[in-house]
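Descriptive analysis of the structure
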Amino acid sequence: MIAAISAHTKEPEESPSWESIREHIRACMQCGTCTGSCGSAAAMDFTPRQLWRMVQLGLRDEIFTSRTFSLCSSCYYCTLRCPRGLPLTETIHALKRLAAARGFTAKEKGTRFYRSFLKTARRYGRIREMELMTRYFLAMKDPFLPLGFTPLGVKLLRKRKISPQIPRLSGPGKLDAIFRKVEELEADS
Amino acid sequence: MNYLYYPGCSLEGTATEYHVSTQAMMAALGVELREIEDWTCCGASAAESVSGLLSRVLPARNLALAERMDSRGDIVIPCSACYLNLRRVEVEITQEEGLLDKLNAALGEEGLSYRGSTKSRHLLDVLARDVGAQQIGQRTQRPLEGLRVAPYYGCQCLRPYGGYDDPQQPRSMDPLIEATGAEVHPWTMGAKCCGAGLMTTKKEVAVELTGAILRAARGADCIVTVCPMCQMNLDSYQGQAAKVQGQDLGISVLYLPQLVGLALGLTAEEVRLKSNLALTDSLRQKLAV
């Protein structure tokens, strides 16, 4: 039965990363320990256990349009407790990468936050928290979003934990060479 | 004892009191820290969600710099996310064939190379196993008697790496807290997730998780943490969590080196106590600061 399902859902254009994701989850026996260990499960549309079944069944569109993997906080509880020893948290990260690469999550807050984060790291080498949030707000194009963070921002400014710095928008970035090489190496593989 | 030191970006910003108190506490304990020169961001949890290779190259750059300073020195890392990222590279190069070559291909762009000789360790690991409670007890000048402390570990200092404590029911902070003269608040929330980065992207979910931890800490005078993200979430969103939980959840959230530092005789200024957002009057009175 399982062989019949995988034969039916296997499509020739499946990318290597999708195949490796399925390979990681192949041994999942649907015990649900992951769901029972997940602090965010209640807010997910599909629980972690359901997500792994969907991976086994090859339901890619349903997975990529679900909220499930964007609610993972990387606490590694499911990975620790999985009786099969499967790399569940890392597989969630692989799903996030694949979803972003296919444009499913381009407008997601998480994706835009990660991109803003890496732009800041590339430019300065280290994260400037205030600039990171500014870049994130600009990327989200939502004038109300910053309001939710303003009270905290004011407190942090008062405590001198963050400081407004003038962003440098042009010129070479501290980690440009390494970022470029990584892009090149990833394009080759 | 001497170590290499990787503070990470948060410790230069929102977790500045963790940076200052870690260095002051270590100096008071006679431990030398040498900051890795020209260190850069480890990629946090952002790189892993964008590029698998980048999430390994960014930590590897720092490991290469550390190796150049001291090829056999342990690296002390106070931030749990940084610790996880740096440690992961050390583990994965022994498991994944060809990974080290790939990392070096990228690091070569900056004239760096990495051989894999470093050992990244969380600050808590070093405090618990190298320094030890006995040493802290012996050096304690101002016992924190009558103070009840809830030890909060969070996730990434314990899982998936760690190896110095039980990843579900951690206890390594208990003897350290007791060595300061304080007592441990008994609870089961020490290794539960605070919501981490979801506080920025899915606030309603993270506030729920944070609220459950704060509620369980009722009865303690303060929570101590060993992670900038955990401290930020528990310290800065108490008002919002209180609204959701329908009760007052105000409690001070200190970094472990702040607590230990005070017991060692450091002043409130030396451990930057004024930088913590939620510092309750009752804690101030008990600490006499």
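Residues numbered from 1 in each chain as written. Chains lettered and ligands numbered in written order. Predicted model: local features only at pLDDT ≥ 70, side-chain atom pairs only at ≥ 80, totals over all residues.

Here we look at the overall build of chain B
When you go through chain B residue by residue, the secondary structure sums to twelve helices and eight strands. Against the globule reference of 19 Å for 289 residues, chain B gives a C-alpha radius of gyration of 19 Å, in line with a compact fold. Each principal axis of the C-alpha distribution contributes one length, and for chain B these read about 55 × 45 × 30 Å. (Helix = DSSP H or I, 4+ residues; strand = E, 2+ residues; numbered from the N terminus. Rg over C-alpha atoms; globule rule 2.2 N^0.38 Å.)

Quick notes on the packing of helix α8 (residues 203-216) of chain B against helix α10 (residues 238-245) of chain B
Residue and element names in this part refer to chain B. At their nearest, the axes of α8 and α10 sit 9 Å apart, and the two run at 85 degrees to each other. Viewed along their axes, α8 and α10 adopt a mutual orientation that is roughly perpendicular. Contacts from Val207, Glu208, Thr210, Gly211, Leu214 and Arg215 of α8 reach α10 at Gln238, Gln240, Ala241, Val244 and Gln245. Of the residues assigned to the contact of α8 with α10, the class counts are four nonpolar, five polar and two charged. (Axes fitted to C-alpha atoms, helices over the stretch in contact; angles between N-to-C directions. Parallel < 35°, antiparallel > 145°, perpendicular 65-115°, else oblique. Contact = placed C-beta atoms within 7 Å. Nonpolar A, V, L, I, M, F, W, Y, C, P; charged D, E, K, R; others polar.)

Describing the pairing of strand β2 (residues 32-35) of chain B
Residues and elements named next belong to chain B. Strand direction decides the pairing type here: strand β1 (residues 2-5) and β2, joined by four bridges, are parallel. Paired with Tyr3 across the bridge in β2 is Leu33. The parallel pair β1 and β2 is bridged by helix α1 (residues 16-28), and the resulting crossover is right-handed. (Pairing = 2+ DSSP bridges. Right-handed = clockwise from strand over helix to strand, strands pointing away.)

Topic: the interface of chain A and chain B
The partner chain B presents 43 residues to the 41 residues of chain A that form the contact. Ranked by the residues each element gives to the side of chain A that touches chain B, the list is headed by helix α8 (residues 109-124) of chain A, at eight residues. A per-class count over the side of chain A that touches chain B returns 21 nonpolar, eight polar and twelve charged.

As for the domain arrangement of chain B
Residues and elements named next belong to chain B. As assigned here, chain B comprises domain 1 (2-122) and domain 2 (132-287). For domain 1 versus domain 2, the distance between C-alpha centres works out to 24 Å. Tallying the contact residues gives 23 residues for domain 1 and 25 residues for domain 2. Secondary structure elements with two or more residues in the side of domain 1 that touches domain 2: α1 and α3 (80-95). Among the elements that line the side of domain 1 that touches domain 2, the one with the most residues is α1, at nine residues. Its residues assigned to classes, the side of domain 1 that touches domain 2 shows 13 nonpolar, eight polar and two charged. (Domains from an automatic or database assignment.)

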